[in-house]
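Reading the structure
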Amino acid sequence: MSGNTIKKNKQKSKWSKLNHWLHLWLGLTSGIIVFIVALTGVLFIFCDNIIDGLAYDSLYVSEVKEQKLIPEEIIRAFKTQLPNRKPSYFITYRDPERTIKMASSTKDRDLQFSWIDPYTGKVLTSGKAYDFFYVIAHIHSGHIPFGDIGNLIIEISVWIFLIELITGLILWWPKKWNRSTKLQSFTIKKNASFKRLNYDLHNVPGFYNLLPALLITITGLIIVNKPLNSATQKVFGGMPRAYSKFRDIKPEYDSTKTFAALNPIIERLFAKDKTIEQVKLSIAAKDSITSLFAVTAEDIGLKGVQNGKTFVLNRYTGQEFEIPVKVMNGLDIDDTTMNLHIGFWAGWIGKTLTLLVGLVCMFLPVTGFLIWYGRQNKKKKTQSV
């Protein structure tokens, strides 16, 4: 063997050891946080289906009548029936059998959805699942219970997990490709010992999970990391922090003017496209708020929007403001990033795939820890003999 070959092998061995060291210790230091992030992410995926599922019969009216109440009457009826709650927005549906979904809160931030019969104004039921998933989402981001420090800890852990995925692929990659290594790399050995089964459960699903896990990890980083978000926006022609710019679009407050009726606004939004099934409209908390925000889509969730479009409406005229192209692009990029991150991009298929990916990500730190723990015990037994 030549001197150059020996040198290259030594360098390769050093890089291999460094890669193994990084994968091991980064995984051990961030494992519990990655587990919590993945667990809360998994719990959140089907939040919209669970929220609506708990409402059950209240999703639909018992009788479709000739005329619906106008939105202003429905809002007044809601406030009369639940005077301690402040409504923030409602979702109305093209389907005449669907009830109106009203979001509200109390002074103590107690969030809930209520389902209202649009023909009578009666609140059929209210549910606390909205508040539960709000907490889950904020644990996922680290904001609960540690605030901005928690956000930073989660972000660092997600960067570490990205490195873990890359170093894990390098560790998984066989030195030689043959029938035996292919079988070991791509299949889980049945009827094996717990140690071997755990090893396979770490390596094999980890490999198959790699690309979708990278997608979820990178989109998560785009959401939370400002420099990465800004770079993504610039590459795709958007504007960073587009939503804050969006909220600045509003007319001057004028106490002498009256507000436009909401029903024509909703009808006009539905008329824009036959694929629109839902319209979400904000509710102004006070008269000094001079703009309304609307979303039209096939499906509107807590975080995701399927084929959606966002509007700013002049509260006095009911007309839409023209939004700068970069701001609209920024909103679309943010929506796409979120949809990809939470599996909202393809209905049940996207959510189910994201659920499976999240479960694998959740158990990677567990199986990885068991591999390390087993080797530590083996070393202790060897030393004691």
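About the cut-offs
Residues numbered from 1 in each chain as written. Predicted model: local features only at pLDDT ≥ 70, side-chain atom pairs only at ≥ 80, totals over all residues. Heavy atoms only, no water. UniProt positions renumbered as here; feature names shortened; annotations may be inferred. Helix = DSSP H or I, 4+ residues; strand = E, 2+ residues; numbered from the N terminus. Contact = heavy atoms within 4.5 Å. Phe/Tyr/Trp six-rings, centres within 6.5 Å; stacked < 30°, edge-to-face > 60°. Buried < 20%, exposed > 50% of the residue type's maximum accessible area, 1.4 Å probe, protein only. Lys NZ or Arg CZ within 6 Å of the ring centre and 35° of its normal. Core = buried A, V, L, I, M, F, W, Y, C linked by side-chain atoms within 4.5 Å. Pairing = 2+ DSSP bridges. Axes fitted to C-alpha atoms, helices over the stretch in contact; angles between N-to-C directions. Nonpolar A, V, L, I, M, F, W, Y, C, P; charged D, E, K, R; others polar.

- With an unreviewed UniProt entry as reference, the protein is termed PepSY domain-containing protein, source organism Flavobacterium lipolyticum.

**Quick look at the UniProt feature "transmembrane region" (unreviewed entry) in the protein**
- Per the UniProt record, "transmembrane region" (unreviewed entry) is found at residues 21-46, 152-173, 206-224 and 353-373.
- End-to-end, the C-alpha atoms of residues 206-224 are 24 Å apart, and along that stretch the chain is 95% helix and 0% strand.
- In residues 353-373, the share of helix is 100% and the share of strand is 0%. The end C-alpha atoms are 31 Å apart.

**Section: the side chain of Lys351**
- Looking at the element boundaries, Lys351 is found in helix α13 (residues 347-384).
- When sequence neighbours within four positions are dropped, the list of residues in contact with Lys351 reads Ile45, Phe46, Asp48, Asn49, Gly343 and Phe344.

**Let's talk about the packing of aromatic side chains**
- For the coordinates displayed, the defined rule picks out 20 aromatic pairs.
- Seen in terms of ring centroids, Phe246 and Phe293 are 5.4 Å apart; in terms of plane orientation they differ by 40°. Their pairing is tilted. With a gap of 47 residues between them, Phe246 in helix α10 (residues 242-247) and Phe293 in strand β6 (residues 291-297) connect regions that are remote in the sequence. The pair formed by Phe246 and Phe293 is uniform in burial state, with each residue classed as buried.
- By way of ring pairs, the aromatic residues Trp172, Trp173, Trp177, Phe186, Phe207 and Tyr208 are connected into one cluster.
- The ring of Phe113 carries Lys101 above its face, with NZ or CZ at 4.6 Å from the centroid.
- Cation over ring: Lys280 sits above Tyr89, and NZ or CZ is 4.2 Å from the ring centre.

**Topic: the nonpolar core**
- Judged by nonpolar contacts, the single largest core of 22 residues is most densely connected at Phe90, Met102, Leu281 and Leu313.
- Secondary-structure elements contributing two or more residues to this core are α3 (71-81), β2 (100-105), α11 (262-271), β5 (278-282), β6 and β9 (309-314).
- It is α11 that provides the largest number of residues to this core, a total of five residues.
- The residues touching Leu313, leaving out its near neighbours within four places in the chain, are Ile265, Leu281, Thr290, Ser291, Leu292, Ala294, Gly318, Gln319, Glu320 and Phe321.
- Within the second largest apolar cluster, 21 residues are counted, among which are Tyr93, Ala103, Trp115 and Ile300.

**Some words on the sheet that holds β2**
- Sheet architecture is open: seven strands sit in the order β4-β3-β2-β1-β5-β6-β9, paired in antiparallel fashion. Looking at the sheet topology across the chains shown, the edges are occupied by β4 (123-127) and β9. When the angles between neighbouring strand axes are averaged without regard to direction, this sheet yields 20°.
- Of the strand pairs in this sheet, β2 and strand β3 (residues 112-116) are connected by five bridges, and their pairing is antiparallel. Following the sheet pairing, Met102 is matched in β3 by Ser114.
- Lying on the sheet, helix α2 (residues 47-55) is in contact with β2, β3 and β4; it crosses β3 at an angle near 50°.

**Overview of the pairing of β4**
- By the bridge criterion, four bridges tie β3 to β4 in an arrangement that is antiparallel. Note on β4: the bridge partner recorded for Ser114 is Ser126.

**Notes on the packing of helix α4 (residues 129-141) against helix α5 (residues 143-172)**
- The geometry of α4 relative to α5 is characterised by a closest axis approach of 7 Å and an angle of 35° between their N-to-C directions. Residues Val135, His138, Ile139, His140 and Ser141 of α4 form the contact with α5, whose participating residues are His143, Ile144, Gly150, Asn151 and Ile154.
- Its residues placed into classes, the contact of α4 with α5 shows four nonpolar, six polar and no charged.

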